[in-house]
Amino acid sequence: MNNLKLFSLILFLLPFIPSLAQDGDSTDYYYQIPDYPEDYNAGTVAARIVDGLGFRYYWGTEGLTASDLEYRPSEGARNVEETIDHILSLTQILVNAVNEKPFEGVEIDGLSFEEKRDRTLENIRQASEVLKNADGADLARYDMVFPSAEFPFWNLINGPIADAINHVGQIITLRRTNGNPINQHISVLQGRVRG
């Protein structure tokens, strides 16, 4: 194959690369938000909220540097990596709830940032898949169960899911303050990279 044909083939395939990533490795799954379902029901709406978290987390943590991870806005505040640890715990609560398992903690010690990021994205993806396939009327079975307390699915929405979205916003602000803003071509409204 001559160079011109190879170059033409590469140019032809470039637009398809992001969608190919959607089907592969879960760490690239939230490069863009997956297509929305045809039907509106409680499960698909909850899944879309979770997918929004996945997209924001993917881009909020993409390209973080060691300096970003250590950045702490003030004494006594969490640094970025500690915030990432917290989000991992929140997404573990989420995935356990939708899989009808109690939450008994998450082991974070010894994990690299990349491992924490991958695990968080996988938790989000798994939770979304369960919710998309759930009978909307059955969301009541997805209780958050802790050793000393139990909460209904409603509290999962305003608790761990909303909390995780909030903390991703903090990471985005902190990395910008540290001189490493997120990709300016991200559209959270459209759930994709523009242009």
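Residues numbered from 1 in each chain as written. Predicted model: local features only at pLDDT ≥ 70, side-chain atom pairs only at ≥ 80, totals over all residues. Heavy atoms only, no water.

Our focus in this paragraph is the environment of F153. Checked against the element boundaries, F153 lands in helix α7 (residues 153–177). A residue is classified by how much of its surface remains accessible, and F153, at 7% relative accessible area, is buried. Taking the C-alpha atoms as reference points, F153 and V98, separated by 55 residues in sequence, lie 8.8 Å from one another. Each residue touching F153, except ones within four places of it in the same chain, is listed here: A46, L131, L139, Y142 and D143. (Helix = DSSP H or I, 4+ residues; strand = E, 2+ residues; numbered from the N terminus. Buried < 20%, exposed > 50% of the residue type's maximum accessible area, 1.4 Å probe, protein only. Contact = heavy atoms within 4.5 Å.)

Our next topic: the packing of aromatic side chains. One pass over the structure, following the stated rule, counts 7 aromatic pairs. Here the aromatic rings of Y31 and Y58 are separated by 6.2 Å at their centres, their planes lie at 80°, and the arrangement is edge-to-face. You can see Y31 sitting in the loop between α2 (17–23) and α3 (42–61) and its partner Y58 sitting in helix α3, a full 27 residues away along the chain. In this structure Y31 comes out as partly exposed when scored by relative accessible area, which is 22%. With centroids separated by 6.2 Å and ring planes inclined at 70°, the aromatic side chains of F146 and F151 adopt a geometry described as edge-to-face. Accessibility expressed as a relative area gives 34% for F151, which makes it partly exposed. Members of the aromatic cluster, joined through ring pairs, are Y31, Y58 and W59. Positioned over the ring face of Y58 is R117, at 4.7 Å from the centre of the ring. (Phe/Tyr/Trp six-rings, centres within 6.5 Å; stacked < 30°, edge-to-face > 60°. Lys NZ or Arg CZ within 6 Å of the ring centre and 35° of its normal.)

It is worth spelling out the confidence of the model for the chain at this point. Per-residue pLDDT for the chain averages 88, and the proportion of residues at 70 or more is 85%. The least confident element of the chain is α2, whose mean pLDDT is 41; the most confident is helix α5 (residues 80–98), at 98. (pLDDT = per-residue confidence, 0-100.)

Where α3 meets helix α6 (residues 113–132), the closest approach of the two axes is 8 Å, and the angle between their N-to-C directions is 165°. Between α3 and α6, the angle falls in the class roughly antiparallel. Considering only the axes of α3 and α6, their crossing is left-handed. Listed contacts from α6 to G43, T44, A46, A47, V50, D51, L53, G54, Y57, Y58 and T61 of α3 are F113, K116, R117, T120, L121, I124, A127, S128, L131 and K132. Partitioned by chemical class, the residues of the contact of α3 with α6 number 11 nonpolar, 6 polar and 4 charged. (Axes fitted to C-alpha atoms, helices over the stretch in contact; angles between N-to-C directions. Parallel < 35°, antiparallel > 145°, perpendicular 65-115°, else oblique. Left-handed = near helix turned anticlockwise from the far one by under 90°. Nonpolar A, V, L, I, M, F, W, Y, C, P; charged D, E, K, R; others polar.)

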